[in-house]
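So you can see what is in the structure, the chains are spelled out below.
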Amino acid sequence: MPNAEPVITMRGVKKSFPGAMALKGVDFTLQKGEIHALLGENGAGKSTLIKILTGVYERDQGEILLDGTPIHPRNPQDAQKIGISCVHQEINLCPNLTVAENIFIGREPMKFGAIDWKTVNKKSYEIMKGFGLDIDVTKTADSYSAAIQQMVVIARATEISAKVLVLDEPTSSLTAVEAKKLFDTMRALKEKGAGIIFVTHFLDQVYEVSDSITILRGGEYVGTYKASELPKIELVAKMIGKEYKELDEANVRSGKAVSGEPFLSVEDASSSEISDVSLVARKEEVLGLSGLLGSGRTEIARMIFGVDPALSGTIKVKGQKVKIKSALSAMRLGMAFCPEERKKEGIIGDLSIRENIVLALQAKRGIFHLVPRAEAERLADLYIEKLAIKTPSREQSIKNLSGGNQQKAIVARWLAANPELLILDEPTRGIDIGAKAELQKLVITLAGGGMAIIFISSEIDEMLRCCQRMVVLRDKSIAGELDGDISESRIMSFIAGGADSAKS
Amino acid sequence: MQKVKRLSQNQIFWPLVVFVSILLLNGIATKGAFFEFKIVDGHLYGRIIDIIRNGGKLMILAIGMTMALATGGTDISVGSVMAISGAVACSIVDGRIFPGLGGNAGVAIMMALLAGLACGAWNGFLVAKVKMQPIVATMILLVAGRGIAQLITQGKIVTIGINPAINPINPSIYYFINGGYILGLPFPLMIVIFFFLLALLFTKRTAFGLFVESIGVNSAASSFTGINVDLVKLLIYTFSGFMASVAGLIESAGIKAADCNNAGLLIELDAILAVAVGGGSLAGGRFSIASSIVGALIIQSVTTSLLAMGVVPQAALVAKSLVVIAICLAQSKSFKEAISSRFRKGAQA
């Protein structure tokens, strides 16, 4: 960067939430006319940093300079006034208003005490044209594609203030072609001298548009690099927290090579969310589904469990061809699924631990075969003890438990249903270290006892500890399968994009 | 003390306290006349018996409404379904429709109940399969239901059994639904007890109650555990429609006519209120049918006693709303805490 001129400088920014330190002193510098990717795993602190910059949160410590002057944005409007705008993942438009109305909403030009629609429409047209879009701005926003809508959001943001633009996962709802259009827009804005912070989990896109990259990990600042000087595999290594060299050494897991018979085999199956999945889950084995968030891991689990049923392809359970149309049919075949979103899809907050634990078994048995109270109590007590769920009593509402204990109760719910295949989607996310280790141990013990397990996690360490075999996903398709010779470097080379990046 | 505390935490405790105090207040206001019972021809009469008889419809509706609200939904079509049920039954007894049945009251009752089941199933279909919001889905029948009832009665108020020359059939079986007595007690009370026990049995002796509460708290998580959320919802709305048709029969048997415009008018609000006054959450989750029935009794006793005190019906509605606000506040935990902390502060000062 020859004429480096910082527009945003953040130094030693700290932020803590009850029970967790989200940012532990982060530095970040954004130059004028630069696209700067902000990367990190889930929970690395990216969104906290952005929310501090845009005034959603207040920082605990540290300073932020805009063009050399300290700033303290108190809310997003405040931040916008001084020139910092943020565009979020979800397209934030009023779909029933016209494009022009959306662009000028809240600051319509007035004439004789009424809104000057002529100017609104004329100016909006010019603005969109400036983005290379010759569109009818008097049509409603929802008559355009997601990409154009996203562009309208960006146009509105830059119209209000063009100094700093934060794009938080802007491409997640766009197709590849639409994303390309967005990148052109970003480059055009860069030419005009705007500083753009780009948050994404699509690593290919990072390299396509970014000039520099800043990496956060666990709330800490890892470093800032020029995009052209940081190979992708090193980037992944830094995000995950392993030195590249350390990874490259044959860090092969000495997993036991035994595996039982195949319990489930999926051949070329496709659902509405993911296509062409082939994999086999065996008894006495933990199969890992690895890949970045959004790479299709959850989608596979949902397909297998009948939440998004397979539309084509073959699924076999113990060699028998089956159709899995609903969660209940999957359960009747001996499957269980702990979903990723514990609060939304797992716990039934107001019900007691006993009721939560017995629920899946009850659903499996059917409405008319009530699990007797005594049996429910016995099961609840059994799993509270077995999984060391910390609670004063089994009649406690599950919402009063800590995250780790809630997760254990959800696992207990499925164990009580006595499954042969257990699918765990991010079972250890957001729970403390102790509970994490206990759950990992449990997974290995269960597999040892003959259960087939499909394990999904963003943490490679955890995957290495638990899995005997691993299917690696990238961009909603299977990038490869690792058997026996599983190492972080191999996983990462698959995540990062195949053989070519592994070489670099 | 420990026992009293546990008792007071039971959902039904405060509604019962409120109900008993309303009865006591009435007793004081009438200098005891309120609690008088008369036995005429082996039948019990008295103010309390009136409350129970007149509250029968509301208690029946409250049973169905409790379930609908427990899933996080609602059913605002019950008043119109009552009108349909009354219209079907009276028109058959009258020979206006299906004259071939000869005005058979038993068949008329069966047909009315079937109509209620069909209406409820329609609501359930819209909520569970079409995924409409419950208030909108049931609003369709709320609006259209009275029109359907008018079509059945050909736009007339169908009175039954007034003139034996026109209507030769003796509809006394039909009158029995509202006016009959068994063991000296009014028949509507028997109907309430029957359906209360049935609902209790079905929710407690099967897993249905657990599934309903689970869906009400977290519908997404419930479907992940393999609960057939759609089926449970379909059953519940069908049941609520059925309960409404039972209430419609009681109503039309009481006035000996089907009045499509006024039968069950605005009663859906009273039914929702009965659940709320009974301490049930309108957001779904835990439910207690018994508490809702007490809630219905509270509402009925407030209405009856206001009218008995000579408050004109129009003003009685205002008075009723004030009483309901007071009852809800009295049951609110945070309100009670706020009041007691205010008192404590006052004591310190």
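Quick notes on the rules
- Residues numbered from 1 in each chain as written.
- Chains lettered and ligands numbered in written order.
- Predicted model: local features only at pLDDT ≥ 70, side-chain atom pairs only at ≥ 80, totals over all residues.
- Heavy atoms only, no water.
- Helix = DSSP H or I, 4+ residues; strand = E, 2+ residues; numbered from the N terminus.
- Rg over C-alpha atoms; globule rule 2.2 N^0.38 Å.
- Buried < 20%, exposed > 50% of the residue type's maximum accessible area, 1.4 Å probe, protein only.
- Contact = heavy atoms within 4.5 Å.
- Pairing = 2+ DSSP bridges.
- Axes fitted to C-alpha atoms, helices over the stretch in contact; angles between N-to-C directions.
- Buried area = accessible area lost by both parts, 1.4 Å probe.
- Salt bridge = Lys/Arg side-chain N within 4 Å of Asp/Glu carboxyl O.
- Patch = residues over 30% accessible without salt bridge, like charges linked within 9 Å, V, L, I, M, F, W, Y side chains within 5 Å.
- Areas by Shrake-Rupley, 256 points an atom, 1.4 Å probe, with all protein chains shown as cover.
- Parallel < 35°, antiparallel > 145°, perpendicular 65-115°, else oblique.
- Left-handed = near helix turned anticlockwise from the far one by under 90°.
- Nonpolar A, V, L, I, M, F, W, Y, C, P; charged D, E, K, R; others polar.
- Core = buried A, V, L, I, M, F, W, Y, C linked by side-chain atoms within 4.5 Å.
- pLDDT = per-residue confidence, 0-100.
- Phe/Tyr/Trp six-rings, centres within 6.5 Å; stacked < 30°, edge-to-face > 60°.
- Lys NZ or Arg CZ within 6 Å of the ring centre and 35° of its normal.

**Digging into the overall build of chain B**
The secondary structure content of chain B amounts to 16 helices and six strands. Scaling as 2.2 N^0.38, a compact globule of 349 residues should have a C-alpha radius of gyration of about 20 Å, and chain B matches this with 21 Å. For chain B, the C-alpha atoms occupy an extent of roughly 80 × 60 × 35 Å along the three principal directions. Taken over 349 residues, chain B has a buried fraction of 50%. The long-range fraction of contacts in chain B, counting pairs at least 24 apart against all pairs at least 6 apart in sequence, stands at 74%.

**Section: the overall build of chain A**
The secondary structure content of chain A amounts to 19 helices and 22 strands. Here the C-alpha radius of gyration of chain A, 25 Å, is about what a compact globule of 504 residues would show, namely 23 Å. Its C-alpha atoms give chain A principal-axis dimensions of roughly 75 × 55 × 45 Å. Long-range pairs, those at least 24 residues apart, make up 66% of the contacts in chain A with a sequence separation of at least 6.

**Brief notes about the sheet that holds strand β16 (residues 312-317) of chain A**
All names here are of chain A. Judged by pairing direction, the sheet is antiparallel, and its four strands sit side by side in the order β14-β13-β16-β17 without closing on themselves. Two strands close off the open sheet at either side, each with one partner strand: β14 (277-282) and β17 (320-322). Direction aside, the axes of adjacent strands within the sheet are offset by 20° on average. Here strand β13 (residues 262-270) runs beside β14; their pairing, made up of five bridges, is antiparallel. Bridge pairing in β14 links Ala269 to Val277. Across the face of the sheet, helix α10 (residues 297-304) comes into contact with β13 and β14 while running at roughly 110° to β13.

**Thoughts on the interface of chain B and chain A**
It is common to give the size of an interface as the accessible area that goes away when the parts come together. In this assembly, 21 residues from chain B lie in contact with 30 residues from chain A. Here chain B packs against chain A, burying approximately 1,900 Å² in sum over the two surfaces, 72% of which is carbon and sulfur. Of all residues in chain B, the largest losses of buried area upon contact with chain A belong to Leu210, Phe224 and Thr225 of chain B, amounting jointly to 35% of the total for that side. Counting the contacts that link chain B with chain A gives one salt bridge. When the shortest N-O distance is used, the salt bridge between Glu355 of chain A and Arg286 of chain B registers 2.7 Å.

**What to know about a nonpolar patch on the surface**
Residue and element names in this part refer to chain B. Residues Val318, Leu322, Ile325, Leu329, Phe335, Ile339 and Phe343 make up a contiguous nonpolar surface patch of about 670 Å² in total accessible area. When contributions to the nonpolar patch are tallied by element, the ones reaching two or more residues are α15 (313-331) and α16 (333-348). The biggest single contributor to the nonpolar patch is α15, with four residues. Along the chain, the position of Phe343 falls in helix α16.

**What about the packing of helix α5 (residues 78-94) of chain B against helix α6 (residues 105-129) of chain B?**
All names here are of chain B. Running from amino to carboxyl end, α5 crosses α6 at an angle of 155°, the nearest separation of the two axes being 8 Å. In terms of orientation, α5 lies roughly antiparallel with respect to α6. Viewed along their axes, α5 and α6 form a crossing whose handedness is right-handed. Here Val81, Ile84, Ser85, Val88, Ala89, Ile92 and Val93 of α5 lie close against α6, whose contacting residues are Ala105, Ala108, Met111, Ala112, Ala115, Gly116 and Cys119. Classifying every residue of the contact of α5 with α6 by side-chain character gives twelve nonpolar, two polar and no charged.

**A short note on the nonpolar core**
Core analysis: the largest hydrophobic core is formed by 201 residues, its most contacted members being Leu264, Met335 and Ile453 of chain A together with Tyr174 of chain B. At twelve residues, the largest contribution of residues to this core is made by helix α12 (residues 229-255) of chain B. By size, the runner-up hydrophobic cluster in this structure holds 33 residues, among which are Leu93, Ile103, Met186 and Ile196 of chain A.

**A few points about the pattern of salt bridges**
Side-chain pairs of opposite charge can arise where the charged atoms are in close proximity. Residues and elements named next belong to chain A. All told, the structure shown has 32 salt bridges over all chains when counted by the stated rule. Between Lys190 and Asp211 there is a salt bridge, with the nearest N and O atoms lying 3.1 Å from each other. Within this pair, whereas Lys190 is found in helix α6 (residues 176-191), its partner Asp211 is found in the loop between α7 (203-209) and β11 (212-217), the two being separated by 21 residues in sequence. Members of the salt-bridge network, linked through shared partners, are Arg354, Arg373, Glu377, Asp381, Arg394 and Glu395.

**Digging into the environment of Ala363 of chain A**
Secondary-structure assignment places Ala363 of chain A in helix α13 (residues 353-365). The class for Ala363 of chain A is buried, based on a relative accessible area of 4%. Once the C-alpha coordinates of Ala363 of chain A and Met331 of chain A are considered, the two residues, 32 residues apart in sequence, prove to be 9.0 Å apart. Those residues in contact with Ala363 of chain A, other than ones at most four positions away along the chain, are Leu328, Met331 and Arg332 of chain A together with Phe211, Thr225, Gly226 and Ile227 of chain B.

**Here we look at the side chain of Glu299 of chain A**
Residues and elements named next belong to chain A. In this structure, Glu299 sits in helix α10. Among the residues examined, Glu299 registers a relative accessible area of 15% and is labelled buried. Dropping the residues within four chain positions of it, Glu299 is found in contact with Glu273, Ile274 and Lys476.

**A look at the pairing of strand β10 (residues 195-199) of chain A**
Residue and element names in this part refer to chain A. The element β10 is largely enclosed, with a buried count of five among its five residues. The side-chain alternation of β10 yields two buried faces, one formed by Gly195, Ile197 and Val199 and the other by Ile196 and Phe198. Taken together, the five bridges between strand β3 (residues 34-39) and β10 define a ladder with parallel strand orientation. Opposite His36, over in β10, you have Ile197 as the bridge partner. The pairing of strand β9 (residues 164-168) with β10 spans five bridges and is classified as parallel. Note on β10: the bridge partner recorded for Asp168 is Val199.

**Examining the confidence of the model for chain A**
Residues and elements named next belong to chain A. Taken as a whole, chain A shows an average pLDDT of 84; of its residues, 91% reach a score of 70 or greater. Contacts for the low-pLDDT stretch residues 245-255, under 50 throughout, to residues beyond four places or in other chains number 18 contacts. Under a pLDDT of 50 for its full length, residues 499-504 has, in the predicted model, eight contacts with residues more than four places off or in other chains.

**Side note on the packing of aromatic side chains**
Residues and elements named next belong to chain B. Enumeration over the complete set of coordinates arrives at 13 aromatic pairs over all chains. Judged by centre distance (5.9 Å) and plane angle (75°), the ring pair of Phe195 and Phe242 falls under edge-to-face. One end of the pair, Phe195, is in helix α9 (residues 187-204); the other, Phe242, is in helix α12, with 47 residues separating them in the sequence. Judged by relative accessible area, Phe195 falls into the buried class, the value being 9%. Note that Lys256 overlies the ring of Tyr175, its terminal NZ or CZ placed 4.5 Å from the centroid.

**Observations concerning the sheet that holds strand β20 (residues 452-456) of chain A**
Residues and elements named next belong to chain A. Strand order in the open sheet formed by six strands is β18-β19-β20-β15-β21-β22, with mixed pairing between adjacent strands. Sheet topology places β18 (335-338) and β22 (477-483) at the edges, where each strand pairs with a single neighbour. For this sheet the average axis-to-axis angle between neighbouring strands, irrespective of direction, equals 15°. As judged from the six bridges shared by strand β21 (residues 469-474) and β22, these two strands associate in the antiparallel manner. Bridged to Val471 within β22 is Glu481. Across the sheet, helix α15 (residues 403-416) lies against β18 and β19 (421-425), angled at about 170° from β18, the strand it touches most. Most of the contacts of helix α18 (residues 488-496) go to β21, to which it runs at about 25°, and overall it touches β15 (285-290), β21 and β22.

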